[in-house]
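One-letter residues, chain by chain:
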Amino acid sequence: MKTIGILTSGGDAPGMNAAIRSVVRTSIYNKLNVLGIKEGYNGLINGKIEEMNLSSVADIIHRGGTMLRSARSDEFMTDEGFNKALNIIRVFNIDGLVILGGDGTFRGAKKLSDAGVATVCIPCTIDNDMGYTDYTIGFFTAVETVIDAMSKLRDTSTSHGRANVVEVMGRACGDLALYAGLAGGAESIIVPEIDFNMDEVCKRVIQGRNRGKLHHIIVLAEGVGNAYEVAEIIKERTNTDTRVTILGHIQRGGVPSAFDRILASKMGYKSIELLLNNEKGKALGIKCNEIISVDIDKALNTEKKFDISMYEISKILSI
Ligand code: F6P
């Protein structure tokens, strides 16, 4: 193992830069060359590659986004694009690849691994939708962003006695809504994993109002449906003025939290340790506060379980 390549792909996540820094510095410490591949798999196809040194990753640990930039590459999934990528790996003498991203990115890494390229994946997504790991890099920063927005919305919700529906990202996964909802004291949390009943949501608004609550925050995961429809029903059935906030890509940016930086630093270090030990086709994760590695296949096929007990607690605490 002489030369490592690193790329970030798919939706960016706060903490990716801290992971890049860790991979680059651990590689250089171990006397390896490191090549930064720009714009995800597209950059691999097109040879957008530059050598990295200790200073390339200076001053990035605290920055959101990814200094290597990112892309969702359809071309990489075609035979032609994939073969171009393999060719670039050969031309640049890349012996091992560290690949940062979510499940789509991992599927690309699996293809490379099956083709004989030594790959290690680091899970980075604000969705926390990968079942083999307790947490993904970027998730807790996004939770902080959502609860910051919820606190602000709570102020204005209280002033006007309104209900505020806050739509958060997460694709088909309700974790971002659940964690932010619990931490932000939401009156209701609506997620794709749990059947919900609008009458119950409305009843909570009315009960809260009857005991003098002035704010009503309803956190809605994007995978459930339309925030405006939910708001309209609340307005009709409770006679409460209602507003909608769709947080959108704000959730993807910002200064990474301490947890995400630490997780990223540990996983970046571990990725190089694995490659040096000739362990390939692996995905890193965290389970019970231990960094683990599993086959990429397993990472992709482990079902994500929703934390129902946490959901139940949130319901009890927001009565
Ligand atoms: O997977 C991360 C994520 O932010 C999802 O929560 C969201 O649905 C999606 O990416 C948005 O994708 P894009 O940035 O391509 O619009």
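What comes next is a walk through the structure. In this convention, every chain numbers its residues from 1, walking through the sequence in written order. The predicted origin of the model limits local features to residues at a pLDDT of at least 70 and limits the giving and counting of side-chain atom pairs to 80 or more, whereas totals for whole chains, interfaces and linings rest on all residues. Computation of side-chain values covers all heavy atoms of the structure but excludes hydrogens and water.

Here we take up the site of the ligand. Think of it this way: one heavy atom of a residue within 4 Å of a molecule or strand is enough to make that residue near it. Taken together, the residues surrounding the ligand are R72, I126, D127, M169, G170, R171, E222, H249 and R252. For this analysis, a polar contact is any N or O atom pair within 3.5 Å, provided that within protein one partner can donate a hydrogen and the other can accept it, and provided that sequence-adjacent residues contribute only side-chain to side-chain pairs. Here an oxygen atom of the ligand and a side-chain polar atom of D127 are 2.6 Å apart. G170 is positioned such that a nitrogen or oxygen atom in its backbone is 3.1 Å from an oxygen atom of the ligand. Starting from 400 Å² of accessible surface for the ligand in isolation, the protein chains cover 74%. Lining residues are defined by having an atom within 4 Å of a point belonging to a cavity or pocket. Those points lie on a 1 Å grid over the protein atoms alone, cavities being sets where a 1.4 Å probe fits but cannot get out and pockets being open sets with protein on both sides within 12 Å along at least five of seven lines. Think of it this way: if more than half of a molecule's atoms are within 2 Å of a pocket's grid points, that molecule is in the pocket or cavity. Of all the cavities here, the one that holds the ligand is the largest pocket. Residue polarity follows a fixed list, in which Ala, Val, Leu, Ile, Met, Phe, Trp, Tyr, Cys and Pro are nonpolar, Asp, Glu, Lys and Arg are charged, and the others, Gly among them, are polar. Broken down by class, the residue content of the shell around the ligand amounts to 2 nonpolar, 2 polar and 5 charged. Residue-level mapping places the shell around the ligand at the junction of two domains, with at least three residues from each of domain 1 (3–138 + 256–301) and domain 2 (140–252). Residue-level accessible areas treat just the shown protein chains as cover; the underlying method is Shrake-Rupley with a 1.4 Å probe. The split into domains, and so the bounds of each, comes from an automatic or database assignment of domains.

This brings us to helix α1 (residues 16–29). The end-to-end C-alpha distance of α1, which contains 14 residues, comes to 20 Å, matching closely the 20 Å that a straight helix rising 1.5 Å per residue would cover. Between buried and exposed lies partly exposed: a residue is buried under 20% and exposed over 50% of the maximum accessible area for its type, with that area taken using a 1.4 Å probe on protein chains only. Numbering goes from the N terminus for both helices and strands, where a helix is a DSSP run of H or I of at least four residues and a strand is a run of E of at least two. α1 sits mainly inside the fold: 10 of its 14 residues count as buried. All buried positions along α1 are accounted for by M16, N17, A18, A19, I20, S22, V23, V24, T26 and S27. Where α1 is buried, its residues touch β1 (3–8), β2 (33–37), β3 (49–52), β4 (96–101), β5 (118–123) and α9 (258–276). Looking one or two places after α1, you find K31, whose phi comes out positive at around 65°. For a helix, the expected span equals 1.5 Å multiplied by the number of residues minus one. In this description, contact between two residues means that some pair of their heavy atoms is separated by no more than 4.5 Å.

So, about the environment of S151. In this structure, S151 sits in helix α5 (residues 139–160). Separated by 66 residues in the primary sequence, S151 and I217 have C-alpha atoms spaced 9.6 Å apart.

Residues enter a nonpolar core if they are buried and are Ala, Val, Leu, Ile, Met, Phe, Trp, Tyr or Cys, with the set joined through side-chain atoms within 4.5 Å. In this structure, L100, I122 and L176 are the most contacted members of the largest nonpolar core, which totals 58 residues. Broken down by element, this core gets its largest block of residues, 8 residues, from α5. Here this core gathers at least three residues from each of two domains, domain 1 (3–138 + 256–301) and domain 2 (140–252). For I122, the residues in contact, after removing those within four places along its chain, are V23, V98, I99, L100, G101, F106, I137, M267, G268, S271 and L284. Counting 26 residues, the second-largest nonpolar core is a separate cluster that includes I49, L112, M130 and I296.

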